[in-house]
Structure formats: C-alpha cells, structure tokens
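Tertiary structure, described
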Amino acid sequence: MNAEYVLTLSCPDRPGVVAAVSGLLAARGCNITDSQQFGDQTAKRFFMRVQFTAALPQDELSSAFAGLVPEFGMDFKLRDLSVKPKVLILVSKFGHCLNDLLYRVRSGLLDIEIVAVASNHPDLRPLTQSYGIDYHHLPVTPETRPRQEAEILALVEHYQVELVVLARYMQVLSEDLCEKLSGRAINIHHSFLPSFKGAKPYHQAHDRGVKLIGATAHYVTSDLDEGPIIEQEVARVDHSHSPADLVAIGRDVECVALARAVRWHAEQRVLLDGHKTIVFPR
Ligand SMILES: Nc1nc2c(c(=O)[nH]1)N[C@@H](CN(C=O)c1ccc(C(=O)N[C@@H](CCC(=O)O)C(=O)O)cc1)CN2
C-alpha cells in the first residue's frame, strides 16, 4: 500500500515550478491525487500544495525535493498524511470549543491527536478526563506568567506537540512564547476581525448594533488579534438580541471556524504569505 504525502512549497514566482515538481514525481512513479498553486503577483511569490501517493520512503522523497532548492530557492515541507499531528489545547473557562474539538476527534471528523489540554483554571478537567486525555492546570498571574509559559513549553516538548490550539484561552501570550510557537499556534477570536479586538467583543458588537457577528481563527502573533487569518464565520443577528444572546449565537460560530482552521492546518492546506494566509480548499 503506497503512502500518501503532501508537499507544500513557496518560492520566488517564475515559470517551470509546477513542471519541475510534477516531473520529479512522475520520474519516481508517484501519482498526484490533488495539486493546487497560486502566484501572489504583489509579493512575486509562488505557492503550491501537491498531494500524491508514493512507494518511496519519505526521506528519499525529501532528498529529491531538496535537489530543487538551488534552482528555485524554494522552502518546502513534506508530510506523511497517515501521521496525525499532535495537538495541545489551551483553554480557560469557556468549554464549547474544547468540547467541539474533542467530539470531532472522537467521531473521526478531525484527523488530529489531542495529546493534552492545559488551562489556567480547573473547570474543564472533568470534560477532558472523560475523553481520557491529560489535563494540566497551570494557574497564572501577571507576576507568574514567565514560569507558567515555561510550563506550557515544557508540555510542548514532553508531548512533542506540533500544533497548539487556543480554544478560548483568555491570556495574552508573551512575545517570546509567540516566537517559539510561530506558525504552529491557532487562536479563535470571538469577533469578525478586524472588528472588535480584545476582550468582550460581543458587548462591543451589541453596543455598535451590528447585524452580523462572527468569529476568526488566526495564527497567534505577539500583536494581539493581528495574526494571519485562516478562517472566519458569521451569523445574522438583529436588534432583539441581547449581549447574552450574541454570546450564545457566537459559540456555534466559534466552534465551526476553529474546527475548519484546525483541519485545514492539519491537512497542510494553509500556507503563510507574509501577514496573510493562502488556503488551498478541499
Ligand atoms: N500573543 C497573543 N496571545 C493571545 C492572542 C493573540 O492574538 N496573541 N489571542 C488571545 C485570545 N483573545 C482573543 O481572541 C484574548 C484573550 C485575552 C485577552 C485579555 O485581555 N486578557 C487579559 C486577562 C483576561 C482574564 O484574565 O480573563 C490579559 O491577558 O491581561 C484579550 C484577547 C489569546 N492569547
């Protein structure tokens, strides 16, 4: 049974990239099952995602793609799709996104391995342990944040975490931690960014009298709520909805946007293009 791989790459935009990649694969008897590419004319950069089956081992394929680097100056990543990404979830008191992700994984709807959950509160330990997953209660204050963040990093190392998901984790991560988790930490913000950044976005939305509310899944950067956006979802509301109603409607929107962003990241469908993302859909 041939393994299934995904190659993602970016390089300066020029003719011949697709031909070089597909030629390399054909020469090694690989079968392309999906191929998508995009040339960013502003950044003059080319992006590509190729899904293929191959009888060759991963390291041999990686060496072959490395052979294209000198000519094309590409950054590439090769992933064996049978290897589930190891995910650490960070959460505070609101459990709806955590609950949704745990259920989707249990139901085979999301192909990741949740290796642990960490929180600055004890509240979601029973839910997490009902799925047989480790729960780490890591209280934090402004004074203890450096030590608490070191504990988070120790979990990342211990569990060999490939993706950290902030599923309504209500603490701002330091610049140092953001750098260490760059491109592998996804947050769900409970507004349709760039509107209503920061804490209490539903109250801001109610005060503004908006007719649509939303949620935004984005990579975490040290600039609060400014990270590259992966996915957004919205819901229609009206004058009759109280702030509490908006919070309730928003829960479902947050769960949908976050689950899609995590799945697309896990399937290597999200490529960083400066402060933005390119998402190659299914
Ligand atoms: N470096 C970053 N850290 C975090 C981000 C981010 O974009 N960059 N997103 C947040 C989540 N979030 C909004 O989506 C958010 C969380 C918390 C706050 C906030 O002001 N928190 C207060 C404490 C609040 C409390 O204790 O309940 C604070 O940290 O002082 C704003 C936005 C996750 N982290």
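Residues numbered from 1 in each chain as written. Predicted model: local features only at pLDDT ≥ 70, side-chain atom pairs only at ≥ 80, totals over all residues. Heavy atoms only, no water.

Focus: the overall build of the chain
Across its full length, the chain holds nine helices and 13 strands. The C-alpha atoms of the chain give 20 Å as radius of gyration, which agrees with the globular expectation for 282 residues (19 Å, within 12%). A principal-axis box enclosing the C-alpha atoms of the chain has dimensions of 60 × 40 × 35 Å. Across the 282 residues that make up the chain, the buried fraction comes to 46%. Of all intrachain contacts in the chain linking residues separated by at least 6 positions in sequence, the fraction that spans at least 24 positions is 65%. When the accessible area of the chain is evaluated, it comes to approximately 13500 Å², of which 53% is carbon and sulfur surface. Between the averaged position of the 29 positive side-chain charges in the chain and that of its 34 negative side-chain charges there is a distance of 3 Å. (Helix = DSSP H or I, 4+ residues; strand = E, 2+ residues; numbered from the N terminus. Rg over C-alpha atoms; globule rule 2.2 N^0.38 Å. Buried < 20%, exposed > 50% of the residue type's maximum accessible area, 1.4 Å probe, protein only. Contact = heavy atoms within 4.5 Å. Areas by Shrake-Rupley, 256 points an atom, 1.4 Å probe, with all protein chains shown as cover. Lys, Arg positive; Asp, Glu negative; His and termini not counted. Charge placed at Lys NZ, Arg CZ, Asp CG, Glu CD.)

Digging into the site of the ligand
Looking at the ligand, there are 16 residues lining it, with Gln 171, Leu 173, His 189, Thr 221 and Asp 225 nearest. Here an oxygen atom of the ligand sits 3.0 Å away from a polar atom, N or O, in the side chain of Asn 187. Interatomic distance of 2.9 Å between a backbone N/O atom of Asp 225 and an oxygen atom of the ligand. Protein contacts shield 74% of the accessible area of the ligand, which totals 700 Å² for the unbound molecule. Counting residues per element, the shell around the ligand draws most heavily on strand β9 (residues 185-189), which supplies three residues. A per-class count over the shell around the ligand returns nine nonpolar, six polar and one charged. (Near = heavy atom within 4 Å. Polar contact = N/O pair within 3.5 Å; in protein donor to acceptor, adjacent residues only side chain to side chain. Nonpolar A, V, L, I, M, F, W, Y, C, P; charged D, E, K, R; others polar.)

Overview of the packing of helix α8 (residues 201-208) against helix α9 (residues 243-266)
Each pair of packed helices can be described by the angle between their axes along with the distance between the axes. Where α8 contacts α9, the axes come no closer than 9 Å and their chain directions differ by 125°. Considered as vectors, α8 and α9 are oriented oblique to each other. Where α8 crosses over α9, the handedness of that crossing is right-handed. Between α8 and α9, the residues in contact are Tyr 202, His 203, Ala 205 and His 206 and Pro 243, Leu 246, Val 247, Gly 250, Arg 251 and Glu 254, respectively. Here the contact of α8 with α9 is composed, by residue class, of five nonpolar, three polar and two charged. (Axes fitted to C-alpha atoms, helices over the stretch in contact; angles between N-to-C directions. Parallel < 35°, antiparallel > 145°, perpendicular 65-115°, else oblique. Left-handed = near helix turned anticlockwise from the far one by under 90°.)

Examining the sheet that holds strand β4 (residues 75-80)
The strand order across the open sheet formed by four strands is β2-β3-β1-β4, and the pairing between neighbours is antiparallel. Both edges of this open sheet fall to β2 (31-40) and β4, since each of them pairs with a single strand only. Neighbouring strand axes in the sheet, compared pairwise and without regard to direction, differ in orientation by 10° on average. Where strand β1 (residues 3-12) meets β4, six bridges bridge the pair, whose relative direction is antiparallel. The residue bridging Leu 7 from the neighbouring strand is Leu 78, located in β4. Strands in contact with helix α1 (residues 17-27) are β1, β2 and β3 (45-54); relative to β3, the strand with the most contacts, it is inclined by about 15°. (Pairing = 2+ DSSP bridges.)

Description of the domain arrangement of the chain
Assigned domains of the chain: these are domain 1 (3-80) and domain 2 (86-279). For domain 1 versus domain 2, the separation of C-alpha centres amounts to 31 Å. Across the boundary between the two partners, domain 1 contributes 14 residues, which contact eight residues of domain 2. Here domain 1 packs against domain 2, burying approximately 870 Å² in sum over the two surfaces, 49% of which is carbon and sulfur. Broken down residue by residue, the surface that domain 1 buries against domain 2 is led by Phe 47, Arg 49 and Arg 79, which jointly contribute 54%. At the boundary of domain 1 with domain 2, the tally comes to one salt bridge. Salt-bridge contacts for Glu 162 lead to Arg 79; the nearest nitrogen and oxygen are separated by 2.5 Å. (Domains from an automatic or database assignment. Buried area = accessible area lost by both parts, 1.4 Å probe. Salt bridge = Lys/Arg side-chain N within 4 Å of Asp/Glu carboxyl O.)

Here we look at the nonpolar core
Soluble globular proteins: nonpolar side chains tend toward being buried together. The biggest cluster of nonpolar side chains holds 40 residues, and the ones touching the most others in it are Ile 89, Leu 101, Ile 114, Val 117, Val 165, Ile 186 and Leu 258. By residue number, the principal contributor to this core is α9, which donates 10 residues. (Core = buried A, V, L, I, M, F, W, Y, C linked by side-chain atoms within 4.5 Å.)

Notes on the packing of aromatic side chains
The full count for this structure, using the stated rule, is three aromatic pairs. Ring geometry for Phe 52 against Phe 65: centres 6.3 Å apart, planes inclined by 65°, an arrangement best described as edge-to-face. Of this pair, Phe 52 sits in strand β3 while Phe 65 sits in helix α2 (residues 58-66), and the two are 13 residues apart along the sequence. Residue class for Phe 65 comes out buried when judged on its relative accessible area of 0%. Here the aromatic residues Tyr 5, Phe 52, Phe 65 and Phe 76 are joined through ring pairs into a cluster of three or more. (Phe/Tyr/Trp six-rings, centres within 6.5 Å; stacked < 30°, edge-to-face > 60°.)

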